[in-house]
Number of protein chains: 2
Amino acid sequence: MSSNYVIGLDFGSSSVRALLVDAANGRELAEQSFDYPHGRYGVILDKKNPNLARQHPADYLLGIKRTIRGVLNKALQTRGFSRDRVIGIGVDTTGSTPMPVDTAGTPLVMLPKFRNNRAALAWLWKDHTSHVEAAEITELGRMMRPHYMAKIGGRYSSEWFWAKILHCARTSPEVFEAAATWVELADFVPAQLTGNVRPEQIRRGVCAAGHKALFSHEWGGYADDEFLGKLDPRLVKVRGSLPSQVFNVSAMAGRLTSTWAAKLGLTENIPVAIGAFDCHLGAIGAGISDNTLVKIMGTSTCDIMVAPIDKGLTDIPGLCGIVPESVLPGYFGLEAGQSAVGDIFDWFVNRIAPGGHIGSYESLTRIAGKLKPGASGLLALDWHNGNRTVLVDQRLTGAILGLTLYSTPAEIYRSLIEATAFGSRVIMERLEEYGVRCERVINCGGIAAKNPLIMQIYADVLGRPISISRSSQTCALGSAIAAAVVSGVHSNFSEAIASMTGVQKQAYKPKPSHVAVYNRLYRQYRVLHDAFGAGEGEIAGVMKNLLIIRDEVRQ
Amino acid sequence: MSSNYVIGLDFGSSSVRALLVDAANGRELAEQSFDYPHGRYGVILDKKNPNLARQHPADYLLGIKRTIRGVLNKALQTRGFSRDRVIGIGVDTTGSTPMPVDTAGTPLVMLPKFRNNRAALAWLWKDHTSHVEAAEITELGRMMRPHYMAKIGGRYSSEWFWAKILHCARTSPEVFEAAATWVELADFVPAQLTGNVRPEQIRRGVCAAGHKALFSHEWGGYADDEFLGKLDPRLVKVRGSLPSQVFNVSAMAGRLTSTWAAKLGLTENIPVAIGAFDCHLGAIGAGISDNTLVKIMGTSTCDIMVAPIDKGLTDIPGLCGIVPESVLPGYFGLEAGQSAVGDIFDWFVNRIAPGGHIGSYESLTRIAGKLKPGASGLLALDWHNGNRTVLVDQRLTGAILGLTLYSTPAEIYRSLIEATAFGSRVIMERLEEYGVRCERVINCGGIAAKNPLIMQIYADVLGRPISISRSSQTCALGSAIAAAVVSGVHSNFSEAIASMTGVQKQAYKPKPSHVAVYNRLYRQYRVLHDAFGAGEGEIAGVMKNLLIIRDEVRQ
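Below is a summary of the structure that appears in this document. Owing to the predicted nature of the structure, the values given are computational and were not obtained by experimental measurement.

**Thoughts on the relation of the copies chain A and chain B**
Inference 1: Overlaying chain A with chain B gives an RMSD of 0.1 Å, the required rotation being 180 degrees about an axis along which the chain moves by 0.1 Å. When the rotation and shift are considered jointly, the pair of chain copies conforms to a two-fold rotation axis.
Inference 2: Both copies share a contact surface, since 100% of the interface residues of chain A are interface residues in chain B too.

Rendered as structure tokens:
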């Protein structure tokens, strides 16, 4: 019996990757990545404005061609594989990464008139030019629409859809006026592949709409006209270009056009799934299910859980997103995260203690692995890039306490690992406090695969067994799973996940003696966390006052 | 006209140094140092007990001979110098460094019976074997003799006289019983040179007695029998071996014996001044006067001020010593200090960021010097070795806040310098709060001479002009000044100081723009200082809880 195959496309911040898998069992036949040609590591920057981060949509389109043709060529070496057995495509992307398009669905920057206009590019998730607008949306939301704010943890981010569009309206009105609508990258790619490119044709995913664009059935779709109009009357027009219905990843965005089929060497009319954000499909690729926390660990970390919709769920303070079906049909998708994890380790190892041999990851990890929990007397706060969950405050900073003249680089390195684990425990406890029970943890991403010490510390701090995803490409695998579902190989996601994902045999189990010490250290972490991050007293002002002084002095 | 000369002997932790100077003007003719032969860098250690630090008295005696003969030989090359123009000797030493002696004044360890008994050695200031006894003295003192405690900042230290003797009584009763008395190194050296070696002959200095042995005229001498007897009845015998009168450095300990004169090549019967601690005579060598703070900056820092006795002075909380005439006749001597300063910089530069070029002092200092105050957003607590003044708490630890992914080693290095300067300002403000006005600062010690960046930061943080002592051997120079006074070259210390000391032309003046920023940062420092070091809430428990966990885990 011949196998069927599906392709998952994973659009990251610097490159896009295609993964070709067996639709029955998830076996990975080939992968191919492609670095975006524009900008620095694929990101178009502005020397004068460090907040700006854009991408060129042409890179996405070129990336589709290069990566899919790449995996097909590689897979041809596999016995029994043929192109016509590829029966579906799924897509995950970064986000919120919206771009303005015209009435034909063409990204404005691809029109001669706007080819040199940065506002006409795609606004990458980490573009923070809209921080003033984000604060404005938060403020108005708290006054006028507190129920909007409750769904996103209480604060609208400068990384998100409406803040970016509002900033464009104010700073580049010519682009804003020319835009027939704004399209998230997660919706743009499936729209292109299926030819449903005109604004009224595009089928949009609930993941981006719900997590970033204030979409909810509770209030009848996207943020309402009155609210948007109060921010800026011109936003009402954008609202009008958006659909009243959005879709989860079990739906089709459409079918592959003949043009794309020819260009890629695939069969026309194969289904293309609705797109979603990388972490959400990554959670699927990692094998998410009830009571399982999936952590996608990289430079920063994204935490995903699901909870059955039929059992209901209250709002969870500080959680940046609770969106029905943003991960799995029938479930709320819950998203949390830490603004820096691997980035903190890199900072310390490569910038602070870069002493060749002594400073290297290998030797620091080896020495840190021999230390007992609590033996250094050190305790750190993992806020070097702010705190996303549960404090939702970018203007917090990292700290380390307990330093003595005998403190070593390895002890500091270990305390930073522990700090990120404590930060992860705060998130887990918040979820459990609101009824989302976490029985096990699946970690995926680069850190999970590479660093057993970090995994053991997480198991000991969280007090939960930690499994590592079998695939090293969980996001792309999640997209491929969506493709397998929309093409009918599996009748639902739980069947597809059971068939196509898995974890490594070796799991990390909490060591009781470590757990006992970490429970005590965690109490101290919470004292610092609450005093510096959420307190009312003078202590809570210290980090912000330091930033205020810093920003004044630097000007 | 021929000059007269005096010799200052400075007994440090690893070596002794002699400085030969012109008694009229302090001109330095020669110096000679000698490393103690016993132990590791002159300190006898115990592998099983990291708190133990002892020295062999034979090293002191050999050191006198080697260093004085050394300077005399060198000085002979100076035209007009001759040995018989040396008219006095002064002595400063570490302390509290007491040693047990027999009825003949011989250190017990120099008797065959005790030659291998570590309890019979000199107990170096940094020997912390007596921490349990120190806590006991503090506890009993607070209940029974609060006025004792008020004079020493509220806490008796394991580094001090009575704690060490009590520990000896308990752990080495054979040594304790054989001791006719205990002699501070600062009294031992003058006693040896003058032949007043028997317990009843030794003239003791007020500096060691007042700062370390609870001596005060307010309560009629040393700590009383009732108090000592309550600690351990056997201490009453030690109390009985101590005199009712002690002396300041304007007094003679005696005159040089013929034996020593012959051994050293000096004239017999020249006066030898009463000994005092290195920092106290160092303050004199640096040119101390009313309203002048002298900072002897090294691995740790000692702060000395004087205040006229006739104007009176209340107790100052947290100040570890206020002793009449411990520095200058007619003045209270005030001693404060920071447990680690240069040690913190060494720790960071050599242990944490040891990246060759990047980590070196030179390049870190160069880069840190270009940073603006406040521009890093960093703030540190300088408690890596505890806090001596004003918190008097060894169980505090260092901290750093405001870390981001962009924080650099130079920024951290600068924040550590600033932290020690803020710590210094806390001490200065405490003194001023109690009426001891500080108009200018004289710094001396290795750091003062070598690092203009640190001096400028101190000037900016303290808001005071900072001068650097002209001599690089202020302690030995101070001892030489005492010799010049007791030998009658100068009629009093203020005349001697005016004639024999001076500061470098180049002073560091506070830069108003820096002062303004540092005032703001200092307020944040005080918030952390008070919350972690002196607060009542949960925050104040964090550092201690970390140490409790650490100590349990390490066992």
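**Description of the pairing of strand β9 (residues 181-184) of chain A**
All names here are of chain A.
Inference 1: Here β9 shows a buried face lined by Thr181 and Val183 and a second buried face lined by Trp182 and Glu184.
Inference 2: Where strand β7 (residues 98-101) and β9 come together, four bridges link them in antiparallel fashion. For Val101, the partnering residue across the bridge sits in β9 and is Thr181.

**Here we look at the interface of chain A and chain B**
You'll often see interface size given as the accessible area lost when the parts meet.
Inference 1: With 56 residues of chain A in contact, the opposing surface of chain B contributes 56 residues.
Inference 2: Note on chain A versus chain B: buried area summed over both sides is about 4700 Å², and carbon and sulfur give 68% of it.
Inference 3: Of all residues in chain A, the largest losses of buried area upon contact with chain B belong to Leu405, Leu546 and Ile549 of chain A, amounting jointly to 15% of the total for that side.
Inference 4: Summed over the shared surface of chain A and chain B, the result is four salt bridges.
Inference 5: Across the pair Arg554 of chain A and Glu411 of chain B runs a salt bridge, and its minimum N-O distance is 3.8 Å.
Inference 6: Taken together, chain A and chain B are joined by 19 residue pairs in polar contact (both at pLDDT 80 or more).
Inference 7: Residue assignment for the side of chain A that touches chain B shows that the elements contributing at least two residues are α12 (342-352), β18 (398-403), α14 (409-433), α19 (512-533) and α20 (538-554) of chain A.
Inference 8: Among the elements that line the side of chain A that touches chain B, the one with the most residues is α20 of chain A, at 13 residues.
Inference 9: Residue composition of the side of chain A that touches chain B, grouped by class: 32 nonpolar, 15 polar and nine charged.

**Description of the sheet that holds strand β14 (residues 301-308) of chain A**
Backbone hydrogen bonds are what pair the strands of a sheet, in a parallel or an antiparallel way.
Residues and elements named next belong to chain A.
Inference 1: Reading across the sheet, the six strands line up as β15-β16-β14-β13-β19-β20 and stay open at both edges, with mixed pairing between neighbours. Each end of this open sheet is capped by a strand with a single partner; those strands are β15 (321-324) and β20 (466-468). Pairwise comparison of adjacent strand axes, ignoring direction, gives a mean angle of 25 degrees for this sheet.
Inference 2: The pairing of strand β19 (residues 440-444) with β20 spans three bridges and is parallel. Paired with Asn443 across the strands is Ile468, a residue of β20.
Inference 3: In the packing of helix α16 (residues 452-462) onto the sheet, contacts are made with β13 (292-297), β19 and β20, and the angle to β20 comes to roughly 150 degrees.

**Observations concerning helix α4 (residues 161-171) of chain A**
Inference 1: Taken across its eleven residues, α4 of chain A has nine buried, putting it largely inside the fold.
Inference 2: Along α4 of chain A, the positions that sit buried rather than exposed are Phe161, Trp162, Ala163, Lys164, Ile165, Leu166, His167, Cys168 and Ala169 of chain A.

**Concerning the packing of aromatic side chains**
All names here are of chain A.
Inference 1: Enumeration according to the criterion identifies 33 aromatic pairs over all chains in this entry.
Inference 2: Each ring, one from Tyr522 and one from Tyr525, has its centre 6.2 Å from the other, and the planes form 15 degrees; the classification is stacked. Of this pair, Tyr522 and Tyr525 both sit in helix α19, three residues apart, which is roughly one turn of that helix.
Inference 3: What makes Tyr522 buried here is its relative accessible area of 4%.

**A word on the sheet that holds strand β8 (residues 122-123) of chain A**
All names here are of chain A.
Inference 1: If you walk across this open sheet you meet the three strands as β4-β5-β8, and the pairing is antiparallel. Because the sheet does not close on itself, it has two edges, and the strands there are β4 (44-46) and β8.
Inference 2: Bridging between β4 and strand β5 (residues 49-55) involves two bridges; their strand directions are antiparallel. Paired with Asp46 across the bridge in β5 is Asn49.

**Describing the pairing of strand β18 (residues 398-403) of chain B**
Inference 1: Most of β18 of chain B sits out of view: six of its six residues are buried.
Inference 2: Across five bridges, β18 of chain A lies against β18 of chain B in antiparallel orientation. Counterpart to Gly398 of chain A in the pairing with β18 of chain B is Leu403 of chain B.
Inference 3: Pairing of strand β17 (residues 379-381) of chain B with β18 of chain B involves three bridges; the strand directions are antiparallel. Looking at the pairing, Ala380 of chain B lines up with Ile400 of chain B of β18 of chain B.

**Quick look at the environment of Asp22 of chain A**
Residue and element names in this part refer to chain A.
Inference 1: Checked against the element boundaries, Asp22 lands in strand β2 (residues 15-22).
Inference 2: Along the sequence, Asp22 and Pro373 sit 351 residues apart, while their C-alpha atoms lie 43 Å from each other.
Inference 3: In contact with Asp22, not counting residues within four places along its chain, are Ser3, Asn4, Tyr5, Arg27, Leu29 and Met500.
Inference 4: In terms of polar contacts, Asp22 uses its side chain to reach the backbone amide nitrogen of Ala24, at 2.8 Å.

Parameters and conventions
Residues numbered from 1 in each chain as written. Chains lettered and ligands numbered in written order. Predicted model: local features only at pLDDT ≥ 70, side-chain atom pairs only at ≥ 80, totals over all residues. Heavy atoms only, no water. Least-squares fit on C-alpha atoms with pLDDT ≥ 70 in both. Contact = heavy atoms within 4.5 Å. Buried < 20%, exposed > 50% of the residue type's maximum accessible area, 1.4 Å probe, protein only. Helix = DSSP H or I, 4+ residues; strand = E, 2+ residues; numbered from the N terminus. Pairing = 2+ DSSP bridges. Buried area = accessible area lost by both parts, 1.4 Å probe. Salt bridge = Lys/Arg side-chain N within 4 Å of Asp/Glu carboxyl O. Polar contact = N/O pair within 3.5 Å; in protein donor to acceptor, adjacent residues only side chain to side chain. Nonpolar A, V, L, I, M, F, W, Y, C, P; charged D, E, K, R; others polar. Axes fitted to C-alpha atoms, helices over the stretch in contact; angles between N-to-C directions. Phe/Tyr/Trp six-rings, centres within 6.5 Å; stacked < 30°, edge-to-face > 60°.

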